[in-house]
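This is what each chain is made of:
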Amino acid sequence: MSTCATVSRDLGEPISGTAATATTWLLLEQPGPWGARALVSSHLDPALGRALEAAARDTGVRIALIRRPGRHADFGAPPLRQVYAAHTVPGKVWLRSATTHDPRQLLDLDFAALGRGDHHSFDTALRGRPHTGDPLALVCTNGKRDRCCALLGRPLAAELAASGVRGAWEVTHLGGHRFSPTLLVLPHGYAYGRVRARTVKEVLHGVREGRIVVEGCRGSSAWERPGQAAELAVRSATGEEAAEVLSVVGTSGGAPRWEVTVAHTDGRHWQVVVAEGASLPPRPESCGTSVLGSPARMDVLAVRELSATALVG
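The shown structure was predicted, so the numbers you read here are calculated from the model rather than taken from an experiment. (Residues numbered from 1 in each chain as written. Predicted model: local features only at pLDDT ≥ 70, side-chain atom pairs only at ≥ 80, totals over all residues. Heavy atoms only, no water.)

(A) Quick look at unusual backbone geometry. The omega torsion across alanine 255 and proline 256 is 15°, close enough to zero to call that bond cis. Relative to the elements of secondary structure, proline 256 occurs in the loop between β13 (246-254) and β14 (257-264). One non-glycine residue, arginine 127, lies in the positive phi region at around 55°. Relative to the elements of secondary structure, arginine 127 occurs in the loop between α3 (120-126) and β7 (129-130). Assessed through its relative accessible area of 73%, arginine 127 is described here as exposed. One non-glycine residue with positive phi stands out, namely arginine 194, at about 55°. (Helix = DSSP H or I, 4+ residues; strand = E, 2+ residues; numbered from the N terminus. Buried < 20%, exposed > 50% of the residue type's maximum accessible area, 1.4 Å probe, protein only.)

Shown next, in the form of structure tokens:
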């Protein structure tokens, strides 16, 4: 028998706006300062940055720069850079690790294949291998994109590193800077907002146990915005914590209202009604400005478990 529940889930306030969308993340270590568009306004060769942006366009791959927490004095190009690739679609999640002396090797990657979850070119071009260390805790600290990320993100990243979180990195723009400090956790690709060090450690502990912590979660980058809201709503409604058991298998409609179908690996399905609204009353969209705005949010209006008859029909 199908069950019905009405849920009002505001992903704009207080939890967050929706997360960045990417089926696959490609992370390149680049020390030193970052500009607003870090790939072309850091000490990475801007021609390479433009070429990487072009190669990744419309493939599902999102490229970000990372650096170790701490002071960012630039002592020239590092002799060896860390590179990660992570695919976030449930059932096909993986995290690969490599190092390179020459970041131009990234242009040898098959970006379309990476976006589909095929890491063969990463392994061939960079001698990639499975990441065997801790989950990655990526804290946005790109202050040139928004002051909030530097003022709130950098102290968090430093605290995590000082307390022994070995997977802690600073990362370029993740989106949702008004909810700084913002966090992306890999391999599963869930984003979080307004996090504290204690919360990050709980999230990472959950990942190591195969669980997803919903509190403060902005959604999985594997899904578009309505799907992110719908999957989290099903988790909240059912108490489901296990990673990789829920997938967005269908979305109908369009802004400002969608019907999203979420499936469980055990065969259950839910229909989730999601509507786009505005966060009210108007508020500053950044800690670096007094300009008021009403950012978009995803409201979950209903979560309904579908019966076997409804699925067949």
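Alright, that's what it looks like, and here's the rest.
(B) Spotlight on the nonpolar core. Of all hydrophobic cores here, the largest spans 23 residues; its most connected members are Leu26, Ile63, Leu106, Leu109, Phe111, Phe122 and Leu126. Of all elements in the fold, only β3 (24-29), α1 (46-56), β4 (61-67), β5 (81-87), β6 (94-100), α2 (111-116) and α3 reach the threshold of two or more residues within this core. Excluding residues within four positions of it along the chain, isoleucine 63 makes contact with Leu26, Leu39, Leu52, Ala56 and Phe111. Within the second largest apolar cluster, 22 residues are counted, among which are Val185, Tyr192, Val195 and Val200. (Core = buried A, V, L, I, M, F, W, Y, C linked by side-chain atoms within 4.5 Å. Contact = heavy atoms within 4.5 Å.)

(C) Structural view of helix α4 (residues 147-162). With 16 residues, α4 extends 23 Å from end C-alpha to end C-alpha; this agrees with the ideal 22 Å at 1.5 Å per step. The sharpest bend along α4 comes to roughly 35°, located at glycine 153, with the proline proline 155 sitting one to four residues further on. Listed in full, the buried residues belonging to α4 are Cys148, Cys149, Gly153, Leu156, Ala157 and Leu160. Where α4 ends, the next residue or the one after it, glycine 164, has phi of about 95°, a positive value. (Expected span 1.5 Å × (residues − 1). Bend = angle between axes of the 7 residues up to and from the residue.)

(D) Broad picture of the pairing of strand β9 (residues 168-171). On β9, burial covers both faces: Ala168 and Glu170 on one face and Trp169 and Val171 on the other are all buried. Direction of pairing for β4 relative to β9: antiparallel, over a ladder of 2 bridges. In the sheet register, arginine 67 faces β9, and the bridge partner there is glutamate 170. Pairing analysis gives 4 bridges linking strand β8 (residues 136-140) to β9, with the strands arranged parallel. Counted as the bridge partner of leucine 138 is tryptophan 169 from β9. (Pairing = 2+ DSSP bridges.)

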